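Each chain, letter by letter, is given below.
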Amino acid sequence: MSVLSVDLGGTRMRGAVLDEDGALLHRDVRPTPVADATPAGLVDLMRELAGHASRPSRAIVGVPGRVDHREGRLDRAPNLPPSWAPHLTEAALGEAVGVPVRLVNDADLAAVGEAYFGAGRGFSDVAYVTLSTGVGGGVLLGRRLLVGRRSLAEVGHMVIDRSAHARGEPSTFEQLASGRALARVAAAHGLALTGREVVERARAGDAAALRVLDEIRAAAAIGVRDVAFAFSPEIVVLGGGLGLNDDLLHPAIRAHLDAEGPPAMRVELARAALGDDAGLVGAAALERALTGAA
């Protein structure tokens, strides 16, 4: 049995058909048509994938926002057009595509992918944190994805600088350790650089870029420490465009975890093994992750 998987982002939507072991049988990538009033382009992508030779039995759609699992709909997604909300329901998409559809937060789906097929394999309790344009997370305990009525582990919104919060300044994990934060801090240091350019210059040893990166990785270390205390995972897996730069980030985060992390336990730290495909691949194991099956 195969599964249709879609990772719906604010910039692009990536789709695939996978087997039960997470192997990609077919894939397609298209720009997200955010100028359209409805997600007709998403439906077209899903229909084409559903008509593939390995016809999927179900579809999993990872969305960049909070999901109401009881109602089977997207609750909120700031990077998607508001007019799409009435159409992004499991019932509407399932009827349009012709297979049962489940909506899942994209970071939750990536967490499942890494836990079952990536860097978290072999661990029971896995926390996944994506450091990208924003910061998101997903957690599995006992190999079971943590969800309630709504998707959980919105770690990017944790306040990690109370004084800044009181002043109305950037203060959350996302505001201080994301790709957007990297560009903002660079500008504050007088560097007209994108986040990617800051990373490239830091890797080359540029002193100014390294000072910028110092602020970001200090905030990331505090955020990961808080995740470790909140969920007591055996391992934290870091993904996302910024998070995959393990050579630049992991030493500072590891040192902070060792010095100030949960006492009397070691929380492992790893780079996401599946990269950008973590969410797509996670669809193959979602049903198992919702029940805690091996």
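Scroll up a little and you will see the structure.
Residues numbered from 1 in each chain as written. Predicted model: local features only at pLDDT ≥ 70, side-chain atom pairs only at ≥ 80, totals over all residues. Heavy atoms only, no water.

**Structural notes on the overall build of the chain**
(1) Moving on: The secondary structure content of the chain amounts to twelve helices and twelve strands.
(2) Moving on: By the compact-globule yardstick of 19 Å for 294 residues, the chain fits well, its C-alpha radius of gyration being 19 Å.
(3) Moving on: Dimensions of the chain, computed from C-alpha atoms along their principal axes, come out at roughly 55 × 45 × 35 Å.
(4) Moving on: Here the contacts in the chain between residues at least 6 apart in sequence split such that 66% fall between residues at least 24 apart.
(5) Moving on: About 12500 Å² of surface is accessible on the chain, with carbon and sulfur atoms providing 51% of the total.
(6) Moving on: Taking the average place of the 31 positive charges on the side chains of the chain and the average place of its 36 negative ones, the gap between the two points comes to 2 Å. (Helix = DSSP H or I, 4+ residues; strand = E, 2+ residues; numbered from the N terminus. Rg over C-alpha atoms; globule rule 2.2 N^0.38 Å. Contact = heavy atoms within 4.5 Å. Areas by Shrake-Rupley, 256 points an atom, 1.4 Å probe, with all protein chains shown as cover. Lys, Arg positive; Asp, Glu negative; His and termini not counted. Charge placed at Lys NZ, Arg CZ, Asp CG, Glu CD.)

**Observations concerning the packing of helix 7 (residues 195-203) against helix 8 (residues 207-231)**
Pairs of packed helices are described in terms of their axes, by the angle between the two and the distance that separates them.
(1) Moving on: With their axes 8 Å apart at the nearest point, helix 7 and helix 8 run at an angle of 115° to one another. Judged by the sense of rotation from one axis to the other, the crossing of helix 7 with helix 8 is left-handed. In this structure, helix 7 uses Val198, Arg201 and Ala202 to contact helix 8, whose residues at the interface are Ala209, Leu210, Val212 and Leu213.
(2) Moving on: Each residue belonging to the contact of helix 7 with helix 8 can be placed in one class, and the counts come to six nonpolar, no polar and one charged. (Axes fitted to C-alpha atoms, helices over the stretch in contact; angles between N-to-C directions. Left-handed = near helix turned anticlockwise from the far one by under 90°. Nonpolar A, V, L, I, M, F, W, Y, C, P; charged D, E, K, R; others polar.)

**As for helix 7**
Think of an α-helix as 3.6 residues a turn; residues three or four steps apart then line up on the same face.
(1) Moving on: Every buried residue belonging to helix 7 is among Gly195, Val198, Val199 and Ala202, and all of these are buried. Projected down its long axis, helix 7 shows its buried positions confined to an angular sector of 100°, all on one face.
(2) Moving on: Of the residues one or two after helix 7, glycine 205 is the one with positive phi, at around 95°. (Buried < 20%, exposed > 50% of the residue type's maximum accessible area, 1.4 Å probe, protein only. Arc of directions from axis to C-beta.)

**Some remarks on the sheet that holds strand 8 (residues 126-131)**
(1) Moving on: The five strands are arranged 10-9-8-11-12 in an open sheet whose pairing can be described as mixed. The sheet terminates laterally at strand 10 (144-145) and strand 12 (268-271), the two strands that pair on one side only.
(2) Moving on: Bridging between strand 8 and strand 9 (residues 135-141) involves six bridges; their strand directions are antiparallel. Across the sheet, leucine 131 pairs through a bridge with valine 135, a residue of strand 9.
(3) Moving on: Helix 8 rests against strand 8, strand 9 and strand 11 (235-239) of the sheet, and its axis sits at about 155° to strand 8. (Pairing = 2+ DSSP bridges.)

All quantities given are derived from atomic positions and should not be read as evidence of function.
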